[in-house]
Amino acid sequence: MKADQTLDCMGLYCPMPIVKTAQKFKELKKGEVLEVVSDDKGIKLDMPAWCTATGHEFLGMEEKNGEIRVYVKKAHS
Amino acid sequence: MAEKEKMTIVVFSGDLDKALAAFILATTGASMGMEVSMFFTFWGLNVIKKNKGSIESKGLMRKMLNVMNRGGSKRLKLSKFHMLGLGTWMMKRMMKEVNMPSIDEFITMAHEMGVKLLACSTTCGVMGLPENSFRPEVDSIVGAAYFLNESREAKISLFI
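Keep in mind it's a predicted model, so treat the numbers as computed, not measured.

1. Some points on helix 4 (residues 86-97) of chain B
Think of an α-helix as turning once every 3.6 residues; residues three or four places apart then point the same way. All names here are of chain B. Spanning 12 residues, helix 4 covers 16 Å between terminal C-alpha atoms, matching the ideal 16 Å at 1.5 Å per step. Every buried residue of helix 4 is accounted for by Gly 87, Thr 88 and Met 95. Projected onto a plane normal to the axis of helix 4, the buried residues spread over an arc of 100° and lie on a single side. Summarising the geometry of helix 4, the exposed residues directed more than 90 degrees from the buried face are Lys 96 and Glu 97.

Here you go:
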């Protein structure tokens, strides 16, 4: 999946991937896609939940060798 | 989005592990767009006491209490397996190994994210803690009515 920016969260556990995503989203423009790379399994359910709470769009994820790539789109400013 | 949802947390405990749980939830709540208030009371006040300098309380009993119960984010102990400091030291080390922020870092982070850090006025009075006992990140000293009014509008309210 194509993303405008990537956020490396390898080696970080809850809540850091979500906290960092929220901080990063402040820099993004509406419509841009962020790729979050994480090895914390919690992110699989945490990121969709974060999207539900904040109203941003969860586009999907890919998992390979324990590396989870999550794609989120900034739906509003 | 419409008006921000509120989340309130009472931090009653001064244990390292419980404070950690409180800050994980507070920073996550703030990341989810919620307006978070943390209300520190009783032993929980130890979490937000400044780490350096002395606590200027009046009266022998309060002075004694604040020497024995000095507090400060760097002095918190685990609720289990403190083992004269060895267990707590090991836990802090393990946290560092997996890049988990320390309580100190969590306080700075929460403050920067707009989490309100409130100290309970009654316990400050009972335990003899003037405002300068706390770190600069602490927003204000408030009473139960303020906290309850915040909680009245909160969707999530926790007691830790």
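So much for the structure itself; the text now carries on.
2. Focus: the interface of chain B and chain A
Facing 14 residues of chain B, the contacting portion of chain A comprises 13 residues. Across the chain B to chain A interface the summed buried area is about 1100 Å²; carbon plus sulfur atoms make up 72%. Our count for the contact surface shared by chain B and chain A stands at 0 salt bridges. One can count 2 residue pairs in polar contact (both at pLDDT 80 or more) joining chain B with chain A. Listed by contribution, the elements that provide at least two residues to the side of chain B that touches chain A are helix 1 (16-31) and helix 5 (103-112) of chain B. Tallying contributions element by element places helix 1 of chain B first for the side of chain B that touches chain A, with 4 residues. Residue composition of the side of chain B that touches chain A, grouped by class: 9 nonpolar, 5 polar and no charged.

3. Some points on the packing of aromatic side chains
Residues and elements named next belong to chain B. Taken as a whole, this structure holds 7 aromatic pairs over all chains when the rule is applied. Here the aromatic rings of Phe 12 and Phe 42 are separated by 5.6 Å at their centres, their planes lie at 25°, and the arrangement is stacked. On the criterion of sequence distance, the pair formed by Phe 12 in the loop between strand 1 (6-11) and helix 1 and Phe 42 in the loop between strand 2 (35-40) and helix 2 (45-48) is long-range, its members being 30 residues apart. Residue class for Phe 42 comes out partly exposed when judged on its relative accessible area of 33%. Aromatic ring contacts, followed pair by pair, group Phe 12, Phe 42, Trp 43 and Phe 159 into a single cluster.

4. A look at the confidence of the model for chain A
For chain A, the mean per-residue pLDDT works out to 95, and 100% of the residues sit at or above 70. The spread of mean pLDDT over the elements of chain A runs between helix 2 (residues 43-54) of chain A, the lowest at 95, and strand 2 (residues 33-38) of chain A, the highest at 98.

5. Focus on the pattern of salt bridges
Residue and element names in this part refer to chain B. Enumeration over the complete set of coordinates arrives at 13 salt bridges over all chains. For Lys 155, the salt bridge is made with Glu 5, and the minimal N-O distance between the two is 3.3 Å. Here Lys 155, found in strand 5 (residues 154-159), pairs with Glu 5, found in the segment before strand 1; they are 150 residues apart in sequence, far enough to count as distant. On the basis of relative accessible area, Glu 5 is assigned to the partly exposed category, the value being 39%. With a closest N to O distance of 3.1 Å, Glu 137 and Arg 135 form a salt bridge. On the accessibility criterion, Arg 135 (9% relative accessible area) is buried.

6. Digging into the nonpolar core
Counting residues in each nonpolar core, the largest one holds 56 residues, and the members touching the most others are Val36(A), Trp50(A), Phe23(B), Met38(B), Phe40(B) and Leu45(B). For this core, the element with the highest residue contribution is helix 1 of chain B, accounting for 8 residues. Setting aside residues no more than four positions away along its own chain, Phe40(B) makes contact with Val11(B), Phe23(B), Leu45(B), Val47(B), Ile48(B), Leu117(B), Leu118(B), Ala119(B) and Cys120(B). Residues Phe39(B), Leu118(B), Cys120(B) and Val142(B) belong to the second largest nonpolar core, which totals 6 residues.

7. Focus on the sheet that holds strand 2 of chain B
Sheet strands pair via backbone hydrogen bonds, and the direction of the pair is either parallel or antiparallel. Residues and elements named next belong to chain B. Strand order across the open sheet formed by 5 strands is 4-3-2-1-5, with parallel pairing between neighbours. Bordering the open sheet on either side are strand 4 (140-142) and strand 5, each of which pairs with just one other strand. Adjacent strand axes in the sheet meet at a mean angle of 25°, parallel and antiparallel pairs treated alike. Pairing of strand 1 with strand 5 involves 5 bridges; the strand directions are parallel. Among the inter-strand pairings, Lys 6 is bridged to a residue of strand 5, identified as Ala 154. Helix 7 (residues 144-152) contacts strand 1, strand 2, strand 3 (116-120), strand 4 and strand 5 of the sheet and is inclined by roughly 140° relative to strand 1.

8. Notes on the side chain of Glu137(B)
All names here are of chain B. Among the structural elements, Glu 137 can be located in the loop between helix 6 (121-127) and strand 4. For Glu 137, a relative accessible area of 12% corresponds to the buried category. Residues within four places of Glu 137 in sequence aside, it is in contact with Ile 107, Thr 108, His 111 and Leu 117.

Definitions and cut-offs
Residues numbered from 1 in each chain as written. Chains lettered and ligands numbered in written order. Predicted model: local features only at pLDDT ≥ 70, side-chain atom pairs only at ≥ 80, totals over all residues. Heavy atoms only, no water. Helix = DSSP H or I, 4+ residues; strand = E, 2+ residues; numbered from the N terminus. Expected span 1.5 Å × (residues − 1). Buried < 20%, exposed > 50% of the residue type's maximum accessible area, 1.4 Å probe, protein only. Arc of directions from axis to C-beta. Contact = heavy atoms within 4.5 Å. Buried area = accessible area lost by both parts, 1.4 Å probe. Salt bridge = Lys/Arg side-chain N within 4 Å of Asp/Glu carboxyl O. Polar contact = N/O pair within 3.5 Å; in protein donor to acceptor, adjacent residues only side chain to side chain. Nonpolar A, V, L, I, M, F, W, Y, C, P; charged D, E, K, R; others polar. Phe/Tyr/Trp six-rings, centres within 6.5 Å; stacked < 30°, edge-to-face > 60°. pLDDT = per-residue confidence, 0-100. Core = buried A, V, L, I, M, F, W, Y, C linked by side-chain atoms within 4.5 Å. Pairing = 2+ DSSP bridges. Axes fitted to C-alpha atoms, helices over the stretch in contact; angles between N-to-C directions.

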